[in-house]
Amino acid sequence: MITAATGNEELCRVLENIQQKTLLCRSKSYELSATTAPVAHMKIYQALKKETKREARLAMREHIVFVRERLLASFKTSS
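Residues numbered from 1 in each chain as written. Predicted model: local features only at pLDDT ≥ 70, side-chain atom pairs only at ≥ 80, totals over all residues. Heavy atoms only, no water.

**Some details on the overall build of the chain**
Secondary structure summary: the chain contains 3 helices and 0 strands in total. From first element to last, N terminus to C terminus, the chain shows the α and β order α-α-α. Expressed as a percentage of the 79 residues in the chain, the buried residues total 16%. Taking contacts inside the chain between residues at least 6 apart in sequence as the whole, the part at least 24 apart equals 48%. Per element, the accessible surface of the chain, about 6,600 Å² overall, is 60% carbon and sulfur. (Helix = DSSP H or I, 4+ residues; strand = E, 2+ residues; numbered from the N terminus. Buried < 20%, exposed > 50% of the residue type's maximum accessible area, 1.4 Å probe, protein only. Contact = heavy atoms within 4.5 Å. Areas by Shrake-Rupley, 256 points an atom, 1.4 Å probe, with all protein chains shown as cover.)

In structure tokens, the structure reads:
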């Protein structure tokens, strides 16, 4: 929804491509996403609602980095 709200078709296309690729990893990250995503998404939403760009950007970055690190860690433990 955030991406679509930008009106930037190229950004939407790129993120859709990334989303499709992340679905391949979903089985590894489902438990993590199910427990942490709602809180992270609410934090992003609240920042956007307040129109605090810096806070929204930071919340998005924290969420992405957290999930990426946990996903990479899960790959290390499963190999």
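Anyway, onward from the coordinates.
**Section: the confidence of the model for the chain**
Mean pLDDT over the chain: 83, with 85% of residues reaching 70 or higher. The weakest mean pLDDT in the chain belongs to helix α2 (residues 9-49) at 81; the strongest belongs to helix α1 (residues 2-6) at 86. (pLDDT = per-residue confidence, 0-100.)

**A closer look at the environment of arginine 13**
Along the chain, the position of arginine 13 falls in helix α2. A relative accessible area of 48% places arginine 13 in the partly exposed class. In this structure the C-alpha to C-alpha distance between arginine 13 and threonine 3, which are 10 residues apart in sequence, comes to 9.6 Å. A distance of 2.5 Å separates polar atoms of two side chains, one belonging to arginine 13 and the other to glutamate 10. (Polar contact = N/O pair within 3.5 Å; in protein donor to acceptor, adjacent residues only side chain to side chain.)

**Brief notes about unusual backbone geometry**
You will see that glutamate 51, though not glycine, has its phi angle at about 60°, which is positive. With respect to the element layout, glutamate 51 can be found in the loop between α2 and α3 (53-78).

**What to know about a nonpolar patch on the surface**
Together, Leu11, Val14, Leu15 and Ile18 make up an exposed nonpolar region whose accessible area comes to about 280 Å². Secondary-structure assignment places leucine 11 in helix α2. (Patch = residues over 30% accessible without salt bridge, like charges linked within 9 Å, V, L, I, M, F, W, Y side chains within 5 Å. Salt bridge = Lys/Arg side-chain N within 4 Å of Asp/Glu carboxyl O.)

**So, the side chain of histidine 63**
Here histidine 63 shows up in helix α3. Overall, the relative accessible area of 16% leaves histidine 63 in the buried class. At 3.2 Å, the side chain of histidine 63 forms a polar contact with the side chain of histidine 41.

**Here we look at the pattern of salt bridges**
By the definition in use, this model includes 3 salt bridges. Residues glutamate 62 and lysine 43 are paired through a salt bridge, measuring 3.0 Å at the closest nitrogen-oxygen approach. With glutamate 62 in helix α3 and lysine 43 in helix α2, this residue pair connects regions lying 19 residues apart in the sequence. For glutamate 55, the salt bridge is made with lysine 50, and the minimal N-O distance between the two is 3.3 Å. For glutamate 55, a relative accessible area of 34% translates into the label partly exposed. A relative accessible area of 52% places lysine 50 in the exposed class.

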